[in-house]
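Observations on chain architecture
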Amino acid sequence: MAVIEVFGKECKDSSFWLDDVPALPELPSVPLEDVDVAIVGSGYTGMHAAIETARAGRKTMVLDAQEPGWGCSTRNGGQISTSIKPSLEKLTAKYGATRARAIRKEGEAALEWIGDFVPSEGLECDFLRSGRYHAAHTPAHYEEIARGAETLSRAEGIEAFAVPRHEQRSELGSDTYHGGVVFPRHASINPAKYHRGLLTLAQLAGVHVVGHCAVTVIKRDAVGFLLSTAKGQVRARDVIVATNGYTGGVTPWLQRRVIPIGSYVIATEPLPKALVCELFPTSRIASDTRKVVYYYRPSPDGTRVLFGGRVSANEADTAISGPKLFADMCQIFPQLAPYAITHSWSGQVAYTFDELAHTGVHEGVHYAMGYCGAGVSMASYLGKRMGQKVLGRPEGTTAFDGLTHPTRPFYTGNPWFLPATVAWYRRQDRIESERAAASS
Ligand SMILES: Cc1cc2nc3c(=O)[nH]c(=O)nc-3n(C[C@H](O)[C@H](O)[C@H](O)COP(=O)(O)OP(=O)(O)OC[C@H]3O[C@@H](n4cnc5c(N)ncnc54)[C@H](O)[C@@H]3O)c2cc1C
């Protein structure tokens, strides 16, 4: 962790969530030479897969290039949704009605399942069925999402209701938006405490978790796989890749299919409780309809605001992204202008070319990734399903299996097109917001 300066004040460049988690437990420093299941990546995907296979008696090992949990899984916004971005209509046009419904249902299943998993395993990670307020940045977007809420309830049984602008203060202490939609089943969590809980479950199940042990080569042979790692060779019968936004050259086929994108978050200093209640009267998590979305929420103890998004076309240092995010946050909540920020951090999410998560088996290697910035429930759920697949259990099957995992010609994992795309979207968002403000 380093201390950076934001507006002349000291600010940590590490995830706010890491301030308040137990230290990592004692872990083995070297890998086992021979295992049943070797898992590359120790976030939610990898840990859930590991818990599943280890509980079934498979000798399971998780390897991470950094400390366990170093990736997105300890630095996200802690917002839990259904994680499926494309609408039923869009998916139906591509896959037909039955498959489209099945894919959308997986999102619902992941959201409901995590809500059962956390208490049933006794994990203490501030899980709260808070609901989400999804705010419209223009009147036209309000009309669209309000209509969409009706369709979701009718066609998919998803709970959602619209809140018009004149009632918005009951949901959000901001007049910037033009109304919104509430999703009561969405939830919030402390992501790092959740990850620590998973690590404990994995250890109890006998998983061998080794940090600072990058996997550099995965080679298939007649009896399984031979992995080269920073700390020696490993033989494994099955291999699972769970590297999401940090997928690299060790799996070039996957690297060509995910787009790493930086996402940025800030945390404010402790605020008066009355102010946090004014901003978040229902304690819901929040997001908006901009193409380059903002997501924000109160901290679990209701004393701070955590505000996330993407503030520049190019990837930015957290000393630069912090003040920019602060300025954007104060446009939505001018009440926060007098307060300082204490944390500014970032991480790499993985987008896909069709905005869907993907799981499958390529050349014998199992994988799940591409959660498009919404992976708390989906990474956990697909990790578990992947573990079940390795065990040969039918419950491991998902509606994502067998979908084409698209790439683009000449794309090798370096998203050179991203700055221009983000700049264009941000410009559109700004113009739309300014027009909406001028006309209201
Ligand atoms: C700032 C931010 C905010 C977000 N907010 C939300 C949110 O509010 N809600 C939500 O649902 N999702 C959110 N997400 C996304 C969510 O956190 C991720 O989708 C999820 O954590 C992915 O988990 P994972 O286990 O697949 O990957 P990760 O947790 O990223 O883990 C991947 C791991 O793979 C390791 N690795 C990579 N290559 C190798 C190798 N060769 N050898 C060994 N190890 C390797 C990395 O070191 C890393 O630890 C956010 C992400 C970020 C960055």
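Use the structure listed above.
The notes below deal with the structure included here. (Residues numbered from 1 in each chain as written. Predicted model: local features only at pLDDT ≥ 70, side-chain atom pairs only at ≥ 80, totals over all residues. Heavy atoms only, no water.)

This paragraph deals with the state of the cysteines. Applying the stated rule across the entire model yields zero disulfides. Among the cysteines around Cys 11, which has no disulfide bond, Cys 330 carries the closest sulfur, lying 14 Å off. Cysteine Cys 72 remains unbridged, with the sulfur of Cys 372 as its closest cysteine sulfur at 12 Å. (Disulfide = S-S within 2.5 Å.)

Inspection of the secondary structure puts Glu 5 in strand 1 (residues 3-6). The sequence separation of Glu 5 and Thr 342 amounts to 337 residues, and the corresponding C-alpha distance is 9.6 Å. (Helix = DSSP H or I, 4+ residues; strand = E, 2+ residues; numbered from the N terminus.)

Taken together, 37 residues surround the ligand, and among them Thr 45, Asp 64, Ser 73, Gln 79 and Val 376 come closest. Between an oxygen atom of the ligand and a main-chain N or O atom of Tyr 44, the distance comes to 3.0 Å. Here a nitrogen atom of the ligand and a backbone polar atom of Gly 373 are 3.2 Å apart. For the ligand, the protein covers 96% of the area, taking 1,000 Å² as the surface of the free molecule. Those elements that provide at least two residues to the shell around the ligand are helix 1 (44-55), strand 14 (259-268), strand 18 (341-351) and helix 9 (376-390). (Near = heavy atom within 4 Å. Polar contact = N/O pair within 3.5 Å; in protein donor to acceptor, adjacent residues only side chain to side chain. Areas by Shrake-Rupley, 256 points an atom, 1.4 Å probe, with all protein chains shown as cover.)

What follows deals with helix 4 (residues 139-156). For helix 4, spanning 18 residues, the distance from its first C-alpha to its last is 25 Å, which sits close to the expected 26 Å at 1.5 Å a residue. All of the buried residues in helix 4 are His 141, Tyr 142, Ile 145, Ala 146, Ala 149, Leu 152 and Glu 156. The buried residues of helix 4 occupy an angular sector of 145° when the element is viewed end-on, so they sit on one face. Turned more than 90 degrees from where helix 4 packs its buried face, Ala 140, Arg 147, Glu 150 and Arg 154 sit exposed. (Expected span 1.5 Å × (residues − 1). Buried < 20%, exposed > 50% of the residue type's maximum accessible area, 1.4 Å probe, protein only. Arc of directions from axis to C-beta.)

Once that is clear, we can look at the side chain of Thr 251. Counting through the fold element by element, Thr 251 comes out in the loop between strand 13 (232-241) and helix 6 (252-255). Take Thr 251: its relative accessible area is 10%, and that puts it in the buried class.

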